[in-house]
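# Fold and contact review
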Amino acid sequence: MIDINFDVNQVLQDRLASGLGLDRYKVIMDAVNVVDVSMDSDFQRRFNGFYLVRRNAEWRKVFYDFFEESKKKFVSFEEILMYLYEKTGNVEPSFSSKLLATLDSNKPIWDRYVIQNLQMKLEGKTKGDRIKNAIRLYDDIETWYSEFLKTNRAKECMAAFDSALPNYSWISDIKKVDAILWSIR
């Protein structure tokens with residue numbers, strides 16, 4: 001019999017991390033403050049792949065130029081949302097939140113699964129209405145996270161996450177909740 005030497009806990013942790021995309025998230029977070037995201041095609045490719053950015057080159061140029069500028073100052077969800085709307089004509093709450101959460105890992109992601117699990121929905125007949133609703137919903141998302149993280153259920157979730165993925169215990173509690181909510185389909 002051939003003896004295969006491996007650490008089963010590490011194998012399982014690596015597979016779980018890969019399934020949640022945490023290995024790709026780590027690469028993005030390690031690079032964001034080191035590279036010029038407006039020029040680094042590897043960073044952009046990784047970010048686009050991880051967050052499913054499927055926009056044209058013109059849109060991506062606007063996005064990554066603003067992303068790089070935003071590293072030098074605090075920006076809010078509303079500022080990002082409004083900038084992208086003014087420059088592209090699109091209401092982009094999801095990508096606005098992903099830019100923000102990459103700059104500040106204590107900010108939640110607006111993702112279709114997160115929104116669905118929180119029983120929220122972007123509404124509005126006009127783009128102006130959708131923008132106002134997106135700003136309000138993002139505030140509601142932040143409030144939900146803040147309240148949830150105070151609960152015993154959140155403590156259980158964080159403990160289970162850290163137990164299953166000890167190499168990723170450095171991830172913010174908000175991102176851990178994002179990963180859990182994203183996984184509930």
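A brief look at the structure comes next. This one's a predicted model, so the numbers in the text were calculated from it and none came from an experiment. (Residues numbered from 1 in each chain as written. Predicted model: local features only at pLDDT ≥ 70, side-chain atom pairs only at ≥ 80, totals over all residues. Heavy atoms only, no water.)

## Looking at a nonpolar patch on the surface
What counts is decided by this rule: Here the term patch refers to residues with relative accessible area over 30% and no salt bridge, with like charges joined within 9 Å and nonpolar side chains (Val, Leu, Ile, Met, Phe, Trp, Tyr) within 5 Å. Accessible surface area values rest on a Shrake-Rupley calculation with a 1.4 Å probe, where residue burial reflects the displayed protein chains alone. Salt bridge, as used here, is a side-chain nitrogen of Lys or Arg placed within 4 Å of a carboxyl oxygen of Asp or Glu. Helix and strand assignments come from DSSP, with helices taken as H or I runs of at least 4 residues and strands as E runs of at least 2, each series counted from the N terminus. Three exposure classes are used, based on accessible area relative to the maximum for each residue type with a 1.4 Å probe and protein chains only: buried under 20%, partly exposed in between, and exposed over 50%.
Among the surface-exposed residues, Ile-2, Ile-4, Phe-6, Val-8, Val-11 and Leu-12 lie close enough to one another that they form a single nonpolar patch of about 640 Å² accessible area. Assignment of secondary structure puts Ile-4 in the segment before helix 1 (8–20). The exposed category is assigned to Ile-4, whose relative accessible area is 60%.

## What about the side chain of Glu-92?
The cut-off we apply is this: Two N or O atoms count as a polar contact when they lie within 3.5 Å, although within protein this holds only if one can serve as hydrogen donor and the other as acceptor, and sequence-adjacent residues are included solely when both atoms are side-chain atoms. Note on definitions: a residue-residue contact is assigned when non-hydrogen atoms from the two residues lie within 4.5 Å.
Tracing the sequence through the fold places Glu-92 in the loop between helix 5 (77–88) and helix 6 (93–103). Overall, Glu-92 belongs to the buried group, its relative accessible area being 5%. One polar contact links Glu-92 to Arg-55, side chain to side chain, over a distance of 3.0 Å. One polar contact links Glu-92 to Asn-90, side chain to side chain, over a distance of 3.4 Å. Apart from residues no more than four positions distant in its own chain, Glu-92 is found in contact with Arg-55, Trp-59, Leu-81 and Leu-84.

## What to know about the packing of helix 9 (residues 152–164) against helix 10 (residues 173–183)
Formally: All axes here are fitted lines through C-alpha atoms, helices being fitted over the stretch that makes contact, and every angle between N-to-C directions spans 0 to 180 degrees. Should an angle fall under 35 degrees it is called roughly parallel, over 145 degrees roughly antiparallel, and 65 to 115 degrees roughly perpendicular, with every other angle called oblique. In this classification, Asp, Glu, Lys and Arg are treated as charged, Ala, Val, Leu, Ile, Met, Phe, Trp, Tyr, Cys and Pro as nonpolar, and every other residue, Gly included, as polar.
At their nearest, the axes of helix 9 and helix 10 sit 10 Å apart, and the two run at 85 degrees to each other. Put simply, helix 9 runs roughly perpendicular to helix 10. Where helix 9 abuts helix 10, its residues Cys-157, Met-158, Phe-161 and Asp-162 lie against Asp-173, Lys-176, Val-177, Ala-179 and Ile-180. In terms of residue class, the contact of helix 9 with helix 10 is made up of six nonpolar, no polar and three charged.

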